[in-house]
Amino acid sequence: MSNGWGFADDRFPEVRRAVQRLCADFPGPYWQEMDAARAYPTAFVQAMTAAGFLAALIPEEYGGGGASIAEASVILEEINRSGGNGGVCHAQMYTMGALLRHGSAGQKAAWLPEIAAGRLRLQAFGVTEPGAGSDTSAIQTRAVADGDEYVISGQKIWTSRAEHSDLLLLLARTTPAAEVEKRTHGLSLFLVDLRTARGAGLTIRPIPTMLNHQTTELFFDGLRVPAANRIGEEGRGFRYVLDGMNAERILIAAESVGDGRWFVERAVEYANSRVVFGRPIGQNQGVQFPIAAAYAHLRAADLMRWEAARLFDSGQPCGAEANLAKMLAADAAWEAANVCLQTHGGFGFATEYDVERKFREAKLYQIAPISNNLVLAYVAQHVLGLPRSY
Ligand SMILES: Cc1cc2nc3c(=O)[nH]c(=O)nc-3n(C[C@H](O)[C@H](O)[C@H](O)COP(=O)(O)OP(=O)(O)OC[C@H]3O[C@@H](n4cnc5c(N)ncnc54)[C@H](O)[C@@H]3O)c2cc1C
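Residues numbered from 1 in each chain as written. Predicted model: local features only at pLDDT ≥ 70, side-chain atom pairs only at ≥ 80, totals over all residues.

1. Brief notes about the packing of helix α10 (residues 285-313) against helix α11 (residues 319-343)
Packing of α10 against α11 brings their axes to within 8 Å, and their N-to-C directions diverge by 160°. Of the possible angle classes, the one that applies to α10 and α11 is roughly antiparallel. For the pair α10 and α11, the sense of crossing is left-handed. The residue makeup of the contact of α10 with α11, split by class, is 19 nonpolar, three polar and four charged. (Axes fitted to C-alpha atoms, helices over the stretch in contact; angles between N-to-C directions. Helix = DSSP H or I, 4+ residues; strand = E, 2+ residues; numbered from the N terminus. Parallel < 35°, antiparallel > 145°, perpendicular 65-115°, else oblique. Left-handed = near helix turned anticlockwise from the far one by under 90°. Nonpolar A, V, L, I, M, F, W, Y, C, P; charged D, E, K, R; others polar.)

Structure (structure tokens):
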């Protein structure tokens, strides 16, 4: 690994070292094996849970780490920088945010200590639907009140880790779109217990994808969920989802920074060691300049990630910075991925170098959890004052 190359490795050094030590037990061959078998990296996730890293953002009073978003982001950065993939467990860190911010005292007391201890896995979040895509307000999944229960019918797509989670945070429409003033109204959030739901109104179907991501389709057919599992007020679910987005954006940005650092480090290592035409390939400007440019863009994206985290942790508005950090970091990681693969020439395609796997994994964050186009649309409208385009 590099000596830091100007990245803020002096921030939360103990956490960095602890994550690095844990990740050293899960080197490239481990992730290659999981990738080839399309298997969930259970041993890695269990180790992360046992070390308390996935409970970092849960307040200490509920048994969590009480960490800032800046500190938590370092955990994910280091996983991805080690060659692993924080995407397999990142949702356990932040999905509980909706419960923490909007759940009742009783719900928090019942669930948060269990989630913090890792006895309950809350790492599935069902928002996206096939017919709605990026337009969340157009979702069709219905939750109809029936006594002290809701009856849920509809379909979700791309619900990741549903087969590796005990609870699902679900967004569903409780008031038909035609009956609300704004389409973002009338949506509600529920905690669905997947342990009992499967086979009782919920069917989960895995989606084969180009990366090992355990993503699924969910089919709801009259699933009954206790009204006590609704988070916050009925009809305000969209607002609650938005409230959690800045944290998610910052954490994903840190993962992309971790990816980018891994790509740049590997590219430099290879460019220094691979000798062709009697000299290291890195001696050619055609090879070294793209690596230097990728590094430059990554450093800039990383600064935006720290700025967003600073604003978030001091309770200031950070929607623009969190979105920009996510977009810039995802783009910088993708540039670094491309440069790293190019630098490795044919060997970049060989699975044993991990480059092709990380290349596939890094691409995701330009599209999910929000596509970079939608980030640009947000910035154009909310920062620059241009007309809403979507
Ligand atoms: C591996 C994976 C895991 C995922 N995990 C989850 C999960 O756990 N939970 C969950 O709820 N969702 C999940 N998603 C879904 C993800 O959030 C969506 O794929 C993403 O938000 C984009 O939505 P879409 O795929 O429907 O694209 P669409 O909305 O159909 O967009 C398609 C393309 O058109 C562009 N586009 C659309 N509208 C506009 C516009 N107005 N202006 C400019 N460009 C536009 C988009 O940028 C995109 O490039 C996952 C997706 C993937 C691939």
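2. Quick look at the site of the ligand
Around the ligand, a shell composed of 22 residues is seen, among which Gly133, Ser134, Trp158, Ser371 and Asn373 lie nearest. For the shell around the ligand, the elements supplying multiple residues, two or more each, are β1 (122-126), β3 (149-160) and α13 (372-383). Tallied by class, residues from the shell around the ligand come to 11 nonpolar, 11 polar and no charged. Residue assignment places the shell around the ligand across two domains, with domain 2 (122-235) and domain 3 (239-383) each supplying three or more. (Near = placed C-beta within 6 Å. Domains from an automatic or database assignment.)

3. Observations concerning the domain arrangement of the protein chain
Partitioning the protein chain into domains gives domain 1 (13-117), domain 2 (122-235) and domain 3 (239-383). Taking the mean C-alpha position of each, domain 2 and domain 3 sit 31 Å from one another. Between domain 2 and domain 3, the contact holds eight residues from the first and seven residues from the second. Of the residues in the side of domain 2 that touches domain 3, the class split is six nonpolar, two polar and no charged. (Contact = placed C-beta atoms within 7 Å.)

4. Here's the deal with the nonpolar core
Grouped together as the largest cluster of nonpolar side chains are 111 residues, with contacts concentrated most on Phe190, Ile250, Ala325 and Ala336. The biggest single contributor to this core is helix α9 (residues 237-273), with 16 residues. Setting aside residues no more than four positions away along its own chain, Phe190 makes contact with Ala143, Tyr150, Leu170, Ala172, Val225, Asn229, Arg230 and Ile231. (Core = buried A, V, L, I, M, F, W, Y, C linked by C-beta atoms within 7 Å. Buried ≥ 20, exposed ≤ 12 C-beta atoms within 10 Å, placed from the backbone.)

5. A look at the pairing of β3
For a regular strand, side chains alternate in direction, first toward one face of the sheet and then toward the other. As judged from the five bridges shared by strand β2 (residues 142-146) and β3, these two strands associate in the antiparallel manner. Looking across to β3, one finds that Ala143 is bridged to Ile152. Connecting β2 to the antiparallel partner β3 that follows it, the hairpin turn spans two residues, and Gly147 within it adopts a positive phi of roughly 65°. (Pairing = 2+ DSSP bridges.)

6. Focus: helix α7 (residues 105-117)
Counted at 1.5 Å a residue, the expected span for α7 with its 13 residues is 18 Å, and the 18 Å between its end C-alpha atoms agrees. In the structure, α7 departs most strongly from a straight axis at Trp111, where the bend amounts to approximately 30° and where the proline Pro113 lies between one and four residues downstream. Its buried side turned inward, α7 meets α6 (97-102) and β1. At the exit of α7 stands Gly118, carrying a positive phi of roughly 85°. (Expected span 1.5 Å × (residues − 1). Bend = angle between axes of the 7 residues up to and from the residue.)

7. Examining unusual backbone geometry
Residue Pro369 follows Ala368 across a cis peptide bond; omega there is -5°. With respect to the element layout, Pro369 can be found in the loop between α12 (355-363) and α13.

8. A closer look at the environment of Lys108
Checked against the element boundaries, Lys108 lands in helix α7. The exposure class of Lys108 is buried, given the 20 C-beta atoms found within 10 Å. For Lys108, the contacting residues outside a window of four places in its chain are Tyr62, Leu99, Leu100 and Gly103.

9. What to know about helix α4 (residues 69-81)
Residues three or four positions apart in an α-helix share a direction because the helix packs 3.6 residues into each turn. The end-to-end C-alpha distance of α4 is 18 Å, a good match for the 18 Å that 13 residues give at a rise of 1.5 Å each. Along α4, 11 of the 13 residues are buried, which leaves the element largely enclosed by surrounding structure. Contacts from the buried residues of α4 go to α1 (13-24), α5 (90-94), α9 and α10. Immediately beyond the C-terminal end of α4, within one or two residues, lies Gly83, with a positive phi of roughly 105°.

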